[in-house]
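# What the coordinates show
So the chains spell out like this:
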Amino acid sequence: MTKAYEMAREAFAAWDVDAEAALAALSGIAISVHCWQGDDVRGFERLSAASGGGIQATGNHPGRARTPDELRADLDFAFSRIPGRHRLNLHAFYMDTDERPDRDQIDYHHFTPWVDWAKEKGLGLDFNPTFFAHPKADDNLTLSHPDAGIRDFWVEHGRRSRAIAARIGAELGSACVNNIWVPDGYKDIPVDRMAARERLWASLDAMLAERHEASHLIDAVESKLFGIGVEACTVGSHEFYLAYATKRQTALCLDMGHFHPTESVADKLSSVAFAVQDILLHVSRPMRWDSDHVILLNDDVLAMAQELVFAGLLPRTRIGLDYFDATISRTAAWVIGVRNMQKALLRALLLPQARLKGVEARLDHTSRLLLTEEAKDLPFAAVWAEFCARAGVPAGAALIDDLSAYQASVAGRG
Ligand code: RNT
Ligand code: ZN
């Protein structure tokens, strides 16, 4: 234990905050790390280079993972620089097989190398059906497509994804979240939104009809405001999925990039918590649009973490990250983003919650403002450094050489 941490512990104790308890709580929070940061959302099907569906990784930094083995090597490195035990969030088109099955033919055995690796490393796994980057998604319509044949194709993909996710959850002894995001929408103003939403609703029902063990699988649905190419209408809007998740009791996924830029996504947690049991977050940083920049330790992320802690929502929220930057080291992007999420959670856990709630309940808004502002000077950094030291991972300037050396080792990839 360093002198700095001992002093920090005392400083927090003077605010009636137990730093040891905060460290213990933080070590119990797994972050679901998105595999798609490692290869610019390309996947391993060799179908097409572009992701489609209105999502796009921009940049041409050397070192993109081109194979499952390279992606796992990069993840091994990233996880070794992130304190704690976490999860990997896998998309269906990251299958690891020579068989080249189409999306409606995927099966658990196409993913066993990932499961074996997760077991070996003590990681959890989450899953996503992939409704983009495929010829049958070229119209930006999948589960809501007017053609029943195309809808059936995607329903089958979704069903199989759920079965794979459930099997993964069973194998790893930890419920696997299967998150459904579809790009469906219209570039220009549609005249029959209702029909499109009826088709999406019915497809989701067909996809979700099969029952799986709740301890193996958590179904989630993710809304969006708009995407490139679907500016006028997204079929799976926030209201649509809030209604769907409420009625069918799936988890609701809130992506921080999927709302109007001035909306607070943190503010939504304590409202949707009344409608759904489980919440999934895609923590992201939209810059002017859903640009998926690497998350910072900024006000939005701090507010999100504080809401999770203060509203008591951590036990029923899965925290996933969703961003992709191809202009910087892809492994560094993971390390920076996950650590920022953890730092935000640690700060929230170190706040004098009882005292703050007490003054607010007494309508003492002056003290609330004073306390929140003075608390910003507390020595959070020393507690974070202690967390890293106990986990045996570097912190601060020591990270720079370390991350650069890894980037140099992968820069020669073609
Ligand atoms: C797209 C959604 C979705 C994807 C991933 C790859 O806008 O945010 O979550 O980013 O499924
Ligand atoms: Zn997302």
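Whatever comes next refers back to the structure up there.
## Here we look at the coordination of the zinc ion (ligand 2)
- Coordination of the zinc ion (ligand 2) by the protein involves Glu222 (OE), Asp255 (OD), His282 (ND1) and Asp322 (OD), with metal-donor separations of 2.1 Å.
- Sequence spacing of the donors to the zinc ion (ligand 2): E-x32-D-x26-H-x39-D. Highlighted residues: aspartate 255 in strand β8 (residues 251-255) and aspartate 322 in the loop between β10 (317-321) and α10 (330-349), separated in sequence by 67 residues. Per residue, the accessibility class of aspartate 255 equals that of aspartate 322, and both read buried.

## Notes on the site of ligand 1
- The full set close to ligand 1 counts 13 residues, and His91, Glu222, Lys224, Asp255 and Asp322 are the nearest of them.
- Contacts to ligand 1 include aspartate 255, whose side-chain N or O atom sits 2.9 Å from an oxygen atom.
- Against a free-state accessible area of 310 Å², the protein chains account for coverage of 100% of ligand 1.
- The residue makeup of the shell around ligand 1, split by class, is five nonpolar, three polar and five charged.

## Re unusual backbone geometry
- One non-glycine residue, aspartate 292, adopts positive backbone phi at about 55°.
- Looking at where aspartate 292 falls in the secondary structure, it is placed in the loop between β9 (279-283) and α9 (299-310).
- Look at aspartate 292 and you get buried, because its relative accessible area is 3%.
- The backbone of leucine 363 shows a phi angle near 60°, a positive value even though the residue is not glycine.

## Quick word on the environment of leucine 47
- Checked against the element boundaries, leucine 47 lands in the loop between β1 (31-34) and α3 (68-80).
- Expressed as a C-alpha distance, the spacing of leucine 47 and histidine 134, which sit 87 residues apart in the sequence, is 7.0 Å.
- Residues contacting leucine 47, with those up to four places away along its chain left out, are Arg103, Ala133, His134 and Pro135.

## Observations regarding the packing of aromatic side chains
- Tallied over the entire structure, the rule returns 14 aromatic pairs.
- Considering the side-chain rings of phenylalanine 153 and tryptophan 154, the 5.0 Å spacing of their centres and the 90° angle between planes classify their relative orientation as edge-to-face.
- Taking relative accessible area as the criterion, tryptophan 154 reaches 0% and is therefore assigned buried.
- The interplanar angle of 35° and the centroid separation of 5.9 Å between the aromatic rings of tryptophan 384 and phenylalanine 387 together place this pair among those described as tilted. One end of the pair is tryptophan 384 and the other is phenylalanine 387, both in helix α13 (residues 380-391) and three residues apart, which spans about a single turn.
- Of the residues examined, tryptophan 384 reaches a relative accessible area of 8% and is grouped as buried.
- You can call phenylalanine 387 buried: its relative accessible area is 8%.
- A network of ring pairs unites the aromatic residues Phe44, Phe93, Tyr94, Phe132 and Trp181 as a single cluster.

## Examining the side chain of threonine 142
- As for its placement among the helices and strands, threonine 142 is situated in the loop between β3 (124-128) and α5 (148-172).
- Accessibility expressed as a relative area gives 0% for threonine 142, which makes it buried.

## A short note on the pattern of salt bridges
- Following the criterion strictly, the structure yields 25 salt bridges and no others.
- Across the pair arginine 66 and glutamate 70 runs a salt bridge, and its minimum N-O distance is 2.5 Å.
- Residue class for arginine 66 comes out partly exposed when judged on its relative accessible area of 36%.
- Relative accessible area serves as the criterion here: at 16%, glutamate 70 is assigned to the buried category.
- A salt bridge links lysine 121 to aspartate 76, with the shortest nitrogen-to-oxygen separation between them at 3.7 Å. Remark: aspartate 76 occurs in helix α3 and lysine 121 occurs in helix α4 (residues 112-121); sequence separation between them is 45 residues.
- Taking the relative accessible area as the measure of exposure, lysine 121 reaches 36% and is therefore partly exposed.
- According to the relative accessible area criterion, aspartate 76 is partly exposed, its value standing at 27%.
- Because the salt bridges share partners, they merge into one network encompassing Arg9, Glu20, Glu386 and Arg390.

## Details of the pairing of β9
- In terms of residue burial, β9 counts as a mostly covered element, since five of its five residues are buried.
- In β9, alternate side chains face the same way, and those of Ile279, Leu281 and Val283 on one face and Leu280 and His282 on the other are all buried.
- The pairing of β8 with β9 spans four bridges and is classified as parallel. Paired with leucine 252 across the bridge in β9 is isoleucine 279.
- Handedness of the crossover joining β8 and β9 through helix α8 (residues 266-272) is recorded here as right-handed.
- Bridge count for β9 against β10 is five bridges, and the pairing is parallel.

Thresholds applied
Residues numbered from 1 in each chain as written. Chains lettered and ligands numbered in written order. Predicted model: local features only at pLDDT ≥ 70, side-chain atom pairs only at ≥ 80, totals over all residues. Heavy atoms only, no water. Donors = N, O, S within 2.8 Å, 3.2 Å for Na, K, Ca; no water. Helix = DSSP H or I, 4+ residues; strand = E, 2+ residues; numbered from the N terminus. Buried < 20%, exposed > 50% of the residue type's maximum accessible area, 1.4 Å probe, protein only. Near = heavy atom within 4 Å. Polar contact = N/O pair within 3.5 Å; in protein donor to acceptor, adjacent residues only side chain to side chain. Areas by Shrake-Rupley, 256 points an atom, 1.4 Å probe, with all protein chains shown as cover. Nonpolar A, V, L, I, M, F, W, Y, C, P; charged D, E, K, R; others polar. Contact = heavy atoms within 4.5 Å. Phe/Tyr/Trp six-rings, centres within 6.5 Å; stacked < 30°, edge-to-face > 60°. Salt bridge = Lys/Arg side-chain N within 4 Å of Asp/Glu carboxyl O. Pairing = 2+ DSSP bridges. Right-handed = clockwise from strand over helix to strand, strands pointing away.

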